[in-house]
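# Observations on chain architecture
In case you want the letters, here they are:
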Amino acid sequence: MPQLFHRGANTIARASIYGGLGIIGLFFWVIYAVNDSPYFDFVGVPRPQPVQFSHKHHVQDDGIDCRYCHTTVETQAFAGMPPTHTCMTCHSVLFADSPALAPVRQSYADNTPLAWTRVYDLPDYVYFNHSIHVNKGVACITCHGRVDEMPLMWRQKTLRMNWCLSCHRSPELFVTPREHVFDMTWVRDGDQRDMGARLVKEYDIKRLTDCYTCHR
Amino acid sequence: MCAVLLLASCRRDMQDTPRARTFQESKFFDDRMSARPLPAGTVSQDYGSYDELLETGKIGQRVSEVFPFEITAEVFARGRERFNIFCAPCHGRTGDGDGMVVRRGFRRPPSYHIERLRNAPAGHFFDVITNGYGSMYSYADRVPVRDRWAIAAYIRALQLSQGATIADVPADKRAELTGGGPQ
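The shown structure was predicted, so the numbers you read here are calculated from the model rather than taken from an experiment.

Across its full length, chain B carries nine helices and two strands. Going from N to C terminus, chain B has its helices and strands arranged as α-α-β-β-α-α-α-α-α-α-α. The buried share among the 183 residues of chain B stands at 32%. Within chain B, counting contacts between residues at least 6 apart in sequence, those at least 24 apart form 46% of the total.

With that settled, consider the domain arrangement of chain A. The figure often quoted for interface size is the accessible area lost as the parts come together. Entries for chain A in the domain assignment read domain 1 (8-35), domain 2 (55-81 + 121-213) and domain 3 (83-115). Here the C-alpha centroids of domain 1 of chain A and domain 3 of chain A sit 58 Å apart.

With that out of the way, let us pick up the interface of chain A and chain B. On the chain B side, the residues contacting the 26 residues of chain A number 26 residues. Taking both partners together, chain A and chain B bury about 2600 Å²; carbon and sulfur atoms supply 59% of that area. Across the chain A-chain B interface, the total number found is three salt bridges. For Glu 74 of chain A, the salt bridge goes to Arg 82 of chain B, with nearest N and O atoms at 3.0 Å.

In this section: a nonpolar patch on the surface. Residue and element names in this part refer to chain A. A cluster of nonpolar side chains, namely Leu 26, Trp 29, Val 30, Tyr 32, Val 34, Tyr 39 and Phe 40, defines an oily patch on the protein surface of about 820 Å² accessible area. Mapped onto the nonpolar patch, the elements with two or more residues apiece are α1 (9-36) and α2 (38-41). Relative to the helices and strands, Leu 26 is located in helix α1.

Counted under the stated rule, the structure contains 11 aromatic pairs over all chains. Ring centres of Phe 27 of chain A and Phe 28 of chain A lie 5.7 Å apart, and the angle between their planes is 70°; on these two criteria the pair is classed as edge-to-face. Looking at Phe 27 of chain A, the relative accessible area reads 41%, which means it is partly exposed. Of the residues examined, Phe 28 of chain A reaches a relative accessible area of 54% and is grouped as exposed. With centroids separated by 6.2 Å and ring planes inclined at 70°, the aromatic side chains of Tyr 68 of chain A and Tyr 139 of chain B adopt a geometry described as edge-to-face. Of this pair, Tyr 68 of chain A sits in helix α4 (residues 66-69) while Tyr 139 of chain B is found in the loop between α7 (122-131) and α8 (145-162), placing the two residues in two different chains. Here Tyr 139 of chain B falls in the buried class, since its relative accessible area comes to 8%.

Another point: the layout of surface pockets. Residue and element names in this part refer to chain A. Its boundaries defined by the atoms lining it, the second largest pocket holds a volume of some 880 Å³. Those elements giving two or more residues to the lining of the second largest pocket turn out to be α2, α9 (161-169) and α11 (211-214). Broken down by element, the lining of the second largest pocket gets its largest block of residues, four residues, from α9. When the residues that make up the lining of the second largest pocket are grouped by side-chain class, the tally is 14 nonpolar, seven polar and nine charged.

Analysis parameters
Residues numbered from 1 in each chain as written. Chains lettered and ligands numbered in written order. Predicted model: local features only at pLDDT ≥ 70, side-chain atom pairs only at ≥ 80, totals over all residues. Heavy atoms only, no water. Helix = DSSP H or I, 4+ residues; strand = E, 2+ residues; numbered from the N terminus. Buried < 20%, exposed > 50% of the residue type's maximum accessible area, 1.4 Å probe, protein only. Contact = heavy atoms within 4.5 Å. Domains from an automatic or database assignment. Buried area = accessible area lost by both parts, 1.4 Å probe. Salt bridge = Lys/Arg side-chain N within 4 Å of Asp/Glu carboxyl O. Patch = residues over 30% accessible without salt bridge, like charges linked within 9 Å, V, L, I, M, F, W, Y side chains within 5 Å. Areas by Shrake-Rupley, 256 points an atom, 1.4 Å probe, with all protein chains shown as cover. Phe/Tyr/Trp six-rings, centres within 6.5 Å; stacked < 30°, edge-to-face > 60°. 1 Å grid on protein atoms, 1.4 Å probe; cavity = no way out; pocket = protein on both sides within 12 Å on 5 of 7 lines; lining within 4 Å. Points joined across faces, edges and corners; volume = space filled by probe spheres on them. Nonpolar A, V, L, I, M, F, W, Y, C, P; charged D, E, K, R; others polar.

Below, the structure written as structure tokens:
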């Protein structure tokens, strides 16, 4: 009987088995990579806004505190978006005829709100609350990054569940003293673990990992 | 098959439910705002029963010289914090009127340390925050009533601090200011 498979067949068989596994692996890797890319989670992508509002100018150059505009961040779930009146406290005089500010003046005159493009937006089935984080010593910078260096706002963190949980499981790796929560330039001296462990005790921080903490 | 399953997961109706989240655009109201404006004539119930001095800074027609509640160390610290957030951008941390925004070209406000403002009653500061003054807009939407009084108290302290001499410092604290002594 002649040989059915010539000798090279072994190699082909091996190649196709490993190659097949490789292709399946590659398939999952591509899905993972696409899912993790800015195309899906928008990390690092500035969004178009109706007004070229720059946190870099207002926060870094002019030293305005976050709470001047985001007034309810310490007391409510929602951080608060500044009404046009807030812009006008300064821009009624300053740059009062700048073309860059035309939509703001229009909005003030017509009494219609400016429609900002949301940068941070959780799915509606997730509950989030700013006040608890701010009051338990989680700094703006931990979640929103160096806002004072952003000419246009972009997203710094993925807002994925594993990101929230990484901190809820071990808050001592992230907490900051309360008095530095709003400070964009503060740098800790010494070890985060030591300071974190102390602050977790002092602020009585719990590890909230039950599903109903965020899905209610 | 895989592609169909993947596409099926692209529906977003749990991501964006019909519930209105804060300030979200609404398809229901004509002006597209989900946050509804207050009906005319609404009276705030935030502070319990109406208290004229607390909420207007006046007693009858007269601008009040006194504060409606006791200024404790806590109230004072709160006043300093709120002052630095809301007022310091223009008035400067010491109240001289040379804040960052002024240096960028905003109209320069008067210093708090001029004779007229030193003699102004406490209620005047409350009134300026509530109703604005000249080219300064009202801060009533962002500074709640009790915080306005706390800020007024802090301004009073700033004014006193500028006229202070070493003799005003308690004897046991003087060393800290003049260099030596415990830090």
